[in-house]
Amino acid sequence: LQTDNTALRQLLNVVKDNREKYISARVIAGSGGLLSNMLIVNAGETNGVMKGQTVIGTRGVIGRISQVSENSSRVLLLTDINSRVPVLVEGNKTRAIMTGKNTSLASLIHLPQGAKVSVSDRIITSGQGGAFPSGLPIGIVASTSDEGINIQLFTDFSRLEYVRIVDFGLNNLIKNSQGGDSLKNALNGKSVEK
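Numbers given to residues run from 1 along each chain, matching the order in which its sequence is written. Given that the model is predicted, a residue must reach a pLDDT of at least 70 before its local features are reported, and side-chain atom pairs must reach 80 or more before they are shown or counted; all residues, however, enter totals for whole chains, interfaces and linings. Based on all heavy atoms of the structure, the side-chain values leave hydrogens and waters out of the count.

Moving on: the packing of aromatic side chains. Between 30 and 60 degrees the pair is tilted, below 30 it is stacked and above 60 it is edge-to-face, where a pair is any two Phe, Tyr or Trp rings, Trp via its six-membered ring, whose centres lie within 6.5 Å. Going through the model one piece at a time under the given rule, you end up with 0 aromatic pairs. Here, over-ring charges are defined by two tests on the NZ atom of lysine or the CZ atom of arginine: distance to the ring centre within 6 Å, and angle to the ring normal within 35 degrees. The residue whose ring lies beneath arginine 164 is tyrosine 22, and the NZ or CZ to ring-centre distance is 4.0 Å.

Structural data, given as structure tokens:
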């Protein structure tokens, strides 16, 4: 299947996604709880960490880098009330926004009218907005009611010791497109002859 997939991609001339780079870091402070929906990790600017990078636990996305110092970084968890992530309900491709509730759960908002979401539906990143690439696992629908749709994240924050900080190339793409010579930067510094 992999050989067939590669051959078909070459035949269709599919544009490859940026190759992600990552580092692993240890959680040194904070925990997902009622009053603390952030983590501090022991990697910072000296390790190449940048604001906005995706942070992944052993089972899925847990948040993104919100502040960076020389040797440590702060992670804004998906459960934080300030967190907003464009997501998909994987089974039926329904788009929504997942927001934190400052509890162990998150919730879905801004669903299309008439959208059908069921308990145990899997939630993944949609890739919209440029904060996260598409298809990263987040969690499952824990409950649906008139009060809202609750999402249980795959990651158990009480057992989280190490995380992976991933650079999918989205930050550089956004930063370069705001610069003066965005075409040259987008082509990785290669000049284009007319």
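The next thing to look at is the environment of threonine 54. Mapping threonine 54 onto the fold places it in strand 3 (residues 54-56). Exposure is judged per residue with a 1.4 Å probe applied to protein chains only, and the accessible area is read against the type maximum: over 50% gives exposed, under 20% gives buried, and values in between give partly exposed. What makes threonine 54 buried here is its relative accessible area of 2%. Contact criterion: two residues are considered in contact whenever any of their non-hydrogen atoms come within 4.5 Å of each other. With residues up to four places along the chain from it excluded, the contact list for threonine 54 reads Val61, Gly63, Arg64, Ala131, Phe132, Pro133, Leu136, Arg164, Ile165, Val166 and Phe168. Going along the chain from the N terminus, every DSSP run of H or I of four or more residues is numbered as a helix, and every run of E of two or more is numbered as a strand.

Further remarks concern the sheet that holds strand 3. Read around the closed barrel, the 6 strands follow the order 1-2-5-4-3-12; overall the barrel is antiparallel. The mean angle between the axes of side-by-side strands here comes to 45°, regardless of whether they run parallel or antiparallel. Between any two strands, pairing holds if DSSP finds at least two bridges. As paired elements, strand 1 (residues 21-29) and strand 2 (residues 38-41) share 2 bridges and run antiparallel to each other. Counterpart to valine 27 in the pairing with strand 2 is valine 41. Note on method: axes are straight lines fitted to C-alpha atoms, helices fitted across the in-contact stretch only, with angles between N-to-C directions ranging 0 to 180 degrees.

Take the environment of threonine 46 next. Among the secondary structure elements, threonine 46 is positioned in the loop between strand 2 and strand 3. Placed 23 residues apart in sequence, threonine 46 and serine 69 show a C-alpha to C-alpha distance of 8.7 Å. Not counting residues within four places of it along the chain, the set of residues in contact with threonine 46 comprises Glu70 and Asn71. A distance of 3.2 Å separates polar atoms of two side chains, one belonging to threonine 46 and the other to asparagine 71. Any pair of nitrogen or oxygen atoms within 3.5 Å is treated as a polar contact; in protein, a donor-acceptor pairing is required on top of that, and neighbouring residues in sequence qualify only through side-chain atoms on both sides.

Okay, the pattern of salt bridges next. Side chains that differ in charge, positive against negative, can pair when their charged atoms come close. Here, a salt bridge means any Lys or Arg side-chain nitrogen found within 4 Å of an Asp or Glu carboxyl oxygen. With the rule as written, the count across this model stands at 2 salt bridges. In this structure, the salt-bridge partner of glutamate 90 is arginine 122, at a minimum N-O distance of 3.4 Å. With glutamate 90 in the loop between strand 6 (84-89) and strand 7 (94-100) and arginine 122 in strand 9 (residues 122-125), the pair connects residues that are 32 residues apart, well separated along the chain. Exposure remark for glutamate 90: the relative accessible area of 29% places this residue in the partly exposed category.

This part covers the side chain of serine 126. You can see serine 126 is positioned in the loop between strand 9 and strand 10 (137-145). Here the side chain of serine 126 touches glutamine 128 through a polar contact of 3.2 Å, landing on its backbone nitrogen. Contacts of serine 126, omitting those with residues within four sequence positions, involve Pro86, Val87, Leu88, Arg95 and Ser134.

Bridge count between strand 1 and strand 12 (residues 162-167): 6 bridges; the pairing is antiparallel. Following the sheet pairing, tyrosine 22 is matched in strand 12 by valine 166.

To continue, consider the sheet that holds strand 6. Judged by pairing direction, the barrel is antiparallel, and its 6 strands sit side by side in the order 6-7-8-11-10-9 before closing back on the first. Between one strand axis and the next, the sheet turns through 45° on average, direction left out of account. Where strand 8 (residues 105-109) meets strand 11 (residues 148-153), 4 bridges bridge the pair, whose relative direction is antiparallel. Pairing of serine 107 across the sheet is with asparagine 150, part of strand 11.

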